[in-house]
Amino acid sequence: MSARHRSHLSHRPVAERAVLSLLLFLGITASAGGAAFVLAQALGIDSWFPRRWIDQIPLIDNWVLPGLVLGLGFGVGSLVTRWGMRTRVEWGWTGWVRRLTGRHWSWLATVLLGLGQVVWIGLELVWIEFSFFHVVYGALGLALLLLPFTPAMRRDLVRGTAPERPGSRRREGLPGPV
């Protein structure tokens, strides 16, 4: 990572830097877990995950759907959200998020990923036995759900703003883009 890039990230709120780290962790581990579910199903390897887990979940009879939700929804979704939060990239189709929340689309995506993670873990706790991973990913989901509501992170992700940098017009209280 270049010095310029590190400097750019160091001026973001602590909550936002934490969210960026959590999104990276969730993105990598959920992508790997989702790929493992789909691969185990495709190869017919029942020994990777206990069959009794899938047998206890209503409407699901194999690992493909959970693998796709985990890998694409939480894995790729987290990585795309992280990239969007870091770069502040905008697309025309994300304009509704700006109009609805007044914030960059990555703010809402983070909240939804956190909510989805909490629901996912809650459903797992209903149907499969407790694991230490439930604590880790449940806490991660709560953090992704709550950290975007911190005042500093809400300010930093206001529509149309880039992350503040030393000497920026906004930080000095001078008029700047909103």
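Report on the accompanying structure. Residue positions within a chain follow its written sequence, with the count starting from 1. Local features are withheld for residues below a pLDDT of 70 in this predicted model, meaning they are given only at 70 or higher, and side-chain atom pairs are given and counted only at 80 or more; totals for whole chains, interfaces and linings count all residues. With hydrogens and water set aside, each side-chain value is computed from the structure's full complement of heavy atoms.

Quick look at the packing of helix H2 (residues 14-43) against helix H7 (residues 132-146)
So, point 1. Axis definition: a line fitted to C-alpha atoms, limited for helices to the stretch in contact. Angles are taken between N-to-C directions and run from 0 to 180 degrees. A run of H or I in DSSP becomes a helix once it reaches four residues, and a run of E becomes a strand once it reaches two; helices and strands are each numbered from the N terminus. Contact geometry for H2 and H7: axes closest at 10 Å, N-to-C directions at 135°. The orientation of H2 relative to H7 falls into the category oblique. The crossing of H2 and H7 is left-handed. Across the interface between the two elements, Val19, Leu22, Leu23, Phe25, Leu26 and Thr29 of H2 pack against Tyr137, Leu140, Ala143 and Leu144 of H7.
So, point 2. Residues that form the contact of H2 with H7 fall into these classes: nine nonpolar, one polar and no charged. Note on terminology: angles under 35 degrees are roughly parallel, angles over 145 are roughly antiparallel, angles of 65 to 115 are roughly perpendicular, and the others are oblique. Each crossing gets its handedness from the near helix: less than a right angle anticlockwise from the far helix is left-handed, clockwise is right-handed. We call two residues in contact when some of their heavy atoms are within 4.5 Å. Any residue outside Ala, Val, Leu, Ile, Met, Phe, Trp, Tyr, Cys, Pro, Asp, Glu, Lys and Arg is labelled polar, Gly included; the first ten of those are nonpolar and the last four are charged.

Observations regarding a nonpolar patch on the surface
So, point 1. Only residues whose relative accessible area exceeds 30% and that form no salt bridge enter a patch; like-charged residues are grouped when within 9 Å of one another, and nonpolar side chains (Val, Leu, Ile, Met, Phe, Trp, Tyr) when within 5 Å. To be clear on the numbers: accessible area is Shrake-Rupley with a 1.4 Å probe, and residue cover counts the displayed protein chains and nothing else. When a carboxyl oxygen of Asp or Glu lies within 4 Å of a side-chain nitrogen of Lys or Arg, that pair is called a salt bridge. On the surface, Val64, Leu68, Leu72, Val76, Val80 and Trp83 cluster together into a nonpolar patch covering about 490 Å² of accessible area.
So, point 2. Checked against the element boundaries, tryptophan 83 lands in helix H4 (residues 64-87).

Thoughts on H2
So, point 1. The span one expects for a helix is its residue count, reduced by one, times 1.5 Å. For H2, built from 30 residues, the straight-helix expectation of 44 Å at 1.5 Å per residue is met to within 8% by its first-to-last C-alpha distance of 43 Å.
So, point 2. Categorising residues by exposure relies on relative accessible area from a 1.4 Å probe, with only protein chains included: less than 20% of the type maximum marks a residue as buried, more than 50% marks it as exposed, and the intermediate range marks it as partly exposed. Taken as a whole, H2 has its buried residues at Ala15, Glu16, Val19, Leu20, Leu23, Leu26, Gly27, Ala30, Gly34, Phe37 and Ala40.
So, point 3. Where H2 ends, the next residue or the one after it, glycine 44, has phi of about 70°, a positive value.

Here we look at the side chain of serine 106
So, point 1. Relative to the helices and strands, serine 106 resides in helix H6 (residues 105-127).
So, point 2. The buried category is assigned to serine 106, whose relative accessible area is 0%.
So, point 3. A distance of 2.8 Å separates a polar atom in the side chain of serine 106 from a polar atom in the side chain of histidine 104.
So, point 4. In contact with serine 106, other than residues within four places in its own chain, are Thr81, Gly84, Met85 and Leu157. Counted as a polar contact is a pair of N or O atoms within 3.5 Å, where, for protein atoms, one must be capable of donating a hydrogen and the other of accepting one, and residues adjacent in sequence contribute only when both atoms are in side chains.

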